[in-house]
Amino acid sequence: MGQVYELAVLQRAIATDPDRWRPLVFTNGCFDLLHVGHVRYLTAAKQLGKTLVIGLNGDRSVAGLKPQPDHLPDRPIIPEAQRAELLTALAVVDAVMLFDEPTATQTIAALQPDIYVKGGDYTPETLPEAPTVKAYGGKIELIQIEIPTSTSGIIQKILKQESIFPTVSCDSLV
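Residues numbered from 1 in each chain as written. Predicted model: local features only at pLDDT ≥ 70, side-chain atom pairs only at ≥ 80, totals over all residues. Heavy atoms only, no water.

Asker: Sorry, what's going on with the overall build of the chain here?
Answerer: When helices and strands are counted, the chain shows eight helices and six strands. Residue burial in the chain is summarised as follows: out of 174 residues, 41% are buried. Just so you have it, the chain exposes about 9,400 Å², and 54% of that area is on carbon and sulfur atoms. (Helix = DSSP H or I, 4+ residues; strand = E, 2+ residues; numbered from the N terminus. Buried < 20%, exposed > 50% of the residue type's maximum accessible area, 1.4 Å probe, protein only. Areas by Shrake-Rupley, 256 points an atom, 1.4 Å probe, with all protein chains shown as cover.)

Asker: Explanation requested: the pattern of salt bridges in the structure shown.
Answerer: Two side chains of opposite charge can pair, provided their charged atoms sit close to one another. According to the stated counting rule, one finds five salt bridges in the structure shown. A salt bridge links R83 to D59; the nearest nitrogen and oxygen atoms lie 2.8 Å apart. Residue R83 is located in helix α5 (residues 80-88), and its partner D59 is located in helix α4 (residues 59-65); the two are separated by 24 residues in the primary sequence. Close ionic contact of E141 with K139 constitutes a salt bridge, the shortest N to O distance being 3.1 Å. (Salt bridge = Lys/Arg side-chain N within 4 Å of Asp/Glu carboxyl O.)

Asker: What is the right way to read the nonpolar core from this model?
Answerer: Nonpolar side chains in soluble globular proteins generally cluster together in the buried interior. Among the nonpolar cores identified, the biggest contains 18 residues, and L10, W21, F26, V53 and L111 are the most heavily contacted of them. For this core, the secondary-structure elements that each account for two or more residues are α1 (7-16), β2 (24-29), β4 (95-99), α6 (105-111) and α7 (130-135). If we skip the residues at most four places from it in the chain, V53 touches L10, W21, L24, V25, F26, T27, A95 and L111. If you look at the next biggest cluster of nonpolar residues, it comprises 17 residues, including L52, L56, V92 and I143. (Core = buried A, V, L, I, M, F, W, Y, C linked by side-chain atoms within 4.5 Å. Contact = heavy atoms within 4.5 Å.)

Asker: Honestly, the environment of A8 in this entry has me stumped. Any pointers?
Answerer: Tracing the backbone shows A8 in helix α1. When its relative accessible area of 40% is taken as the criterion, A8 is described as partly exposed. Considering only alpha carbons, one finds A8 and L111, 103 residues apart in sequence, at a separation of 9.3 Å.

Asker: Any chance you could explain a nonpolar patch on the surface here in plain terms?
Answerer: A cluster of nonpolar side chains, contributed by L34, V39 and L86, occupies part of the molecular surface with about 210 Å² of accessible area. Mapped onto the fold, L34 is located in the loop between β2 and α3 (36-46). Take L34: its relative accessible area is 30%, and that puts it in the partly exposed class. (Patch = residues over 30% accessible without salt bridge, like charges linked within 9 Å, V, L, I, M, F, W, Y side chains within 5 Å.)

Asker: Would you mind going over the side chain of S61 with me for this structure?
Answerer: Relative to the elements of secondary structure, S61 occurs in helix α4. Setting aside chain neighbours within four positions, we find S61 in contact with F99, D100, E101 and P102.

Asker: What should I look at first to understand the pairing of β2 in this one?
Answerer: It is a general feature of regular strands that their side chains alternate between the two faces of the sheet. Judged by how many residues are buried, β2 sits mostly within the fold: six of six residues are covered. Neither face of β2 is open: one carries L24, F26 and N28, the other V25, T27 and G29, and all of them are buried. The pairing of β2 with strand β3 (residues 51-57) spans six bridges and is classified as parallel. Within β3, the position partnered with G29 by the bridge is L56. For the segment spanning β2, α3 and β3, crossover handedness is right-handed. Here β2 pairs with strand β5 (residues 115-119) via two bridges, running parallel. For V25, the partnering residue across the bridge sits in β5 and is I115. (Pairing = 2+ DSSP bridges. Right-handed = clockwise from strand over helix to strand, strands pointing away.)

Quick look at the structure:
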């Protein structure tokens, strides 16, 4: 089970025991309503290295990144401490650290992960963190999205009282 770290503490842990942490895979996001798309994405990310660290957008950051129209609830839906706890409960997650900036650029510069991972809906050109990763020689990996599910989509479906979960065959779970 993972742990929630402050940036300075995580930096020290990595510097003190790099063999435990590296190659370090880093990803970031809001992870507001955790769903199977997140789990599959994080599982694929973990397979790229030894440890998986998640930079979790804090509540202020999410509110700034995800402004909602009047008819939708404010984001985040789930408070940062609860989102962090959910993520650390996933077997593939080694560490979570909160940040309040709109991008993970400062966190990435501080941690210098070996591999920076984002979903396949991004390109290296659309990632604001890409120049930082490239500057220290890190690698960028984009993971294709298996199940196109999003927190915004789940919220919309709940408000419309539709079925919120795509049908997934049991064969794909093996």
